[in-house]
Structures are given as structure tokens and as C-alpha cells.
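Listed here are the chains, written in short residue letters.
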Amino acid sequence: MHYTFNIERGNFTDAGQASSSVKRTLKQLGVDPANIKRTVVALFEAEINAVAHAYGGTIDVDIDGEKIVMVVADEGPGIPNLDLAMQEGWSTASAKVREMGYGAGMGLPNIKKNTDDLKIDTQVGVGTTVTMTVYLT
Amino acid sequence: MTIKEIATLVNGEIVGAPADDLYEVKKAFASDLMSDVLRFSMDETVLITGLCNNQTMRTSEMADLRVVVIGRDKQPDEDMLELAEDSGITIIKCKYSIFKISGILYGAGIAPLY
Ligand SMILES: Nc1ncnc2c1ncn2[C@@H]1O[C@H](COP(=O)(O)OP(=O)(O)OP(=O)(O)O)[C@@H](O)[C@H]1O
Ligand SMILES: [Mg+2]
């Protein structure tokens, strides 16, 4: 199964809708709760990053019996230093983003922890594509 | 402890999804930082927070939280209450500060998450 969603820049009213929708789908498919939780936590963090730090983008989710592959692709500033960005506590979140409850610098570490495979392609001034895989077995 | 017992202890008001009397709360975590909440398992845990917006509910949904105490007399809007109902999250609205809420629940035997 394939699902596509759009992410809107700076829209903190609707941010998380895609992850919420994927969560419902996974529940309906009878995926076990532990795998649902790690999947949606990773997707949610990536979705919020695209809203908070980039100019929006798209989410593609593919689910088969073995795995869930999620691709969050944004147009945005990119990440100049990925090693730094992956560190717990490192954040460049704006005042507005912090007001929304984000900016702990825990999003990317949370994604890393909750996925079996993580690939981040990022280009400064162009955008970032985060590809996350969760194996269900 | 039940959700209603928590509401009584902090002199709060229940809104959002109706309180599930069978849900047992044993632990609490206090934070205004949503990614901090997503680091942990929130089984049998109540979140105490001063963050009162849609993202509080979205994060709680992803974290499988069932009950959130919103302190500092913050008022959830319609949109937020709808999100809470849709995802089965009970909100306890409370006038007290986060420190006071935490102290009361700690004193009543709710354990820290860590
Ligand atoms: N999609 C993105 N585009 C541009 N920069 C990004 C993107 N995702 C992350 N970053 C950069 O990496 C930093 C760390 O991201 P991370 O998700 O770990 O923390 P955060 O978003 O700042 O805070 P948190 O996720 O804890 O609320 C961000 O502050 C930002 O500088
Ligand atoms: Mg983040």
C-alpha cells in the first residue's frame, strides 16, 4: 500500500495530521502496538521538522507485510552539519517553533532510535530527504 | 490511581475524551518539550505540561498517552478539544503551576518516569 501526504510550511495547526492518519491505518492493519509507536514517532518527528525548519514538502509511505518505508522530502535550507544535527540537544529552532513545543534537539535522535534504517540526503539551499525504514518482523 | 482521582487531587476539570475509569495511572512526566515526551514509553503515565496547543495533542497521540494535565490555567480551544476526543485523550485543565501539580501527584504516590 502506498500513501502520499503534503506538508505545509509553518502550519502548526495541522502538523502531525499525516502521522496521525498513518497511525490509524497501521492500527486497522493490525500492526502490533510497539511497531506502530516507533513508526509514528519517527514519522511525526520528520514531519514536524519539515514544517518547522523547511518550507514544507511531501510524505510517502509504503507498507507491505515485512516493512514500512517512509520518505519525508522537503524544500528548504538543508542541514549544513548533519553530525551536529544528529546530536541530542542540538537545535536551531526559531522562537516560534519553540513556542509550539519543539526545539529540544531530540527529533533526529528519536528518529534514529526508532527506525531500523535511516538515510538523510540533504543539500544546503535545496532541501532534505529523510528515508526511514521499520521492519515488522 | 484513576484519571478522576488525579483531577480531584489537582482541583482540575475534565475535558476532551471522557475519563476511562479502568485506566490506571502509576507514573508522571512533566515537560513542555514535545520531543522529550517522545523519547519515552508513556505506559500508565500522565503528562503534566504547560503547552496548550494542537501539538500537545498530536504528540500525546503519537506517544500513546491517555491523560494530560494542562497547568497554569491554560485554556484548550475547540480544535484542540476535538483532537483530544478523536484520539481518546482525556485533558485535565488545572489552575495550578506545573511545580504544584507535580508536587501534589508525587505526594499522592505517583512515581516519576525516571
Ligand atoms: N528538514 C530539515 N531541514 C532543515 N534543517 C533541519 C531539518 N531537520 C532538522 N534540521 C536541523 O537539525 C536540527 C536538529 O533537529 P532535531 O529534530 O533533532 O531537533 P529540533 O527539531 O531542533 O527540536 P525537536 O525535534 O527536539 O523539537 C534542527 O534544529 C535544524 O537545525
Ligand atoms: Mg525536530
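Structure shown above.
For clarity, every value in this text was computed on a predicted model and none was experimentally measured. (Residues numbered from 1 in each chain as written. Chains lettered and ligands numbered in written order. Predicted model: local features only at pLDDT ≥ 70, side-chain atom pairs only at ≥ 80, totals over all residues. Heavy atoms only, no water.)

**Considering the overall build of chain A**
From N to C terminus, chain A includes five helices and five strands. Taken from the N to the C terminus, the helices and strands of chain A come in the order β-α-α-β-β-α-α-α-β-β. C-alpha atoms of chain A, sized along the principal axes, occupy 40 × 30 × 25 Å. In chain A, buried positions account for 50% of the 137 residues. In chain A, the share of contacts with a sequence separation of at least 24, taken over all contacts with a separation of at least 6, comes to 63%. Surface summary for chain A: the accessible area is close to 6500 Å², and the carbon and sulfur share equals 49%. The averaged location of the 17 negative side-chain charges in chain A is 6 Å from the averaged location of its 12 positive side-chain charges. (Helix = DSSP H or I, 4+ residues; strand = E, 2+ residues; numbered from the N terminus. Buried < 20%, exposed > 50% of the residue type's maximum accessible area, 1.4 Å probe, protein only. Contact = heavy atoms within 4.5 Å. Areas by Shrake-Rupley, 256 points an atom, 1.4 Å probe, with all protein chains shown as cover. Lys, Arg positive; Asp, Glu negative; His and termini not counted. Charge placed at Lys NZ, Arg CZ, Asp CG, Glu CD.)

**What about the site of ligand 1?**
Taken together, 22 residues form the shell around ligand 1, and within it A:His53, A:Ser91, A:Thr92, A:Gly103 and A:Met106 come nearest. Two or more chains meet at ligand 1, and those chains are chains A and B. At 2.7 Å from an oxygen atom of ligand 1 is found a main-chain nitrogen or oxygen belonging to A:Gly103. In the model, an oxygen atom of ligand 1 is placed 2.9 Å from a nitrogen or oxygen of the A:Leu108 main chain. Residue assignment for the shell around ligand 1 shows that the elements contributing at least two residues are helix H2 (33–52) and helix H5 (107–114) of chain A. (Near = heavy atom within 4 Å. Polar contact = N/O pair within 3.5 Å; in protein donor to acceptor, adjacent residues only side chain to side chain.)

**Some remarks on the sheet that holds strand S4 (residues 67–70) of chain B**
In a beta sheet, neighbouring strands pair by backbone hydrogen bonds and run either parallel or antiparallel. Residue and element names in this part refer to chain B. Sheet architecture is open: six strands sit in the order S1-S5-S4-S3-S2-S6, paired in mixed fashion. For this open sheet the edge positions go to strand S1 (13–16) and strand S6 (111–112), each flanked by a neighbour on one side alone. The sheet contact formed by S1 and strand S5 (residues 90–93) spans four bridges and is antiparallel. Bridge pairing links Val15 to Ile91 in S5. Along the sheet face, helix H4 (residues 78–86) touches S1, S4 and S5 and points at about 80° away from the line of S1. Where helix H5 (residues 98–107) meets the sheet, its contacts fall on strand S2 (27–30), strand S3 (45–49), S4 and S6, and the angle it forms with S3 comes to roughly 155°. (Pairing = 2+ DSSP bridges. Axes fitted to C-alpha atoms, helices over the stretch in contact; angles between N-to-C directions.)

**Topic: H5(A)**
Most of H5(A) sits out of view: six of its eight residues are buried. Residues of H5(A) that are buried include every one of A:Gly107, A:Leu108, A:Pro109, A:Asn110, A:Ile111 and A:Asn114, and no others. Where H5(A) is buried, its residues contact H2, helix H3 (82–85), strand S4 (117–123) and strand S5 (127–135) of chain A together with helix H2 (34–37) of chain B.

**Some points on the environment of B:Ile14**
All names here are of chain B. One can find Ile14 in strand S1. Placed 11 residues apart in sequence, Ile14 and Val25 show a C-alpha to C-alpha distance of 15 Å. Those residues within four positions of Ile14 in sequence are excluded, and the remaining contacts are Ile3, Lys4, Ala7, Ala19, Thr90, Ile91 and Ile92.

Read these as layout, nothing more, since geometry by itself doesn't imply function.
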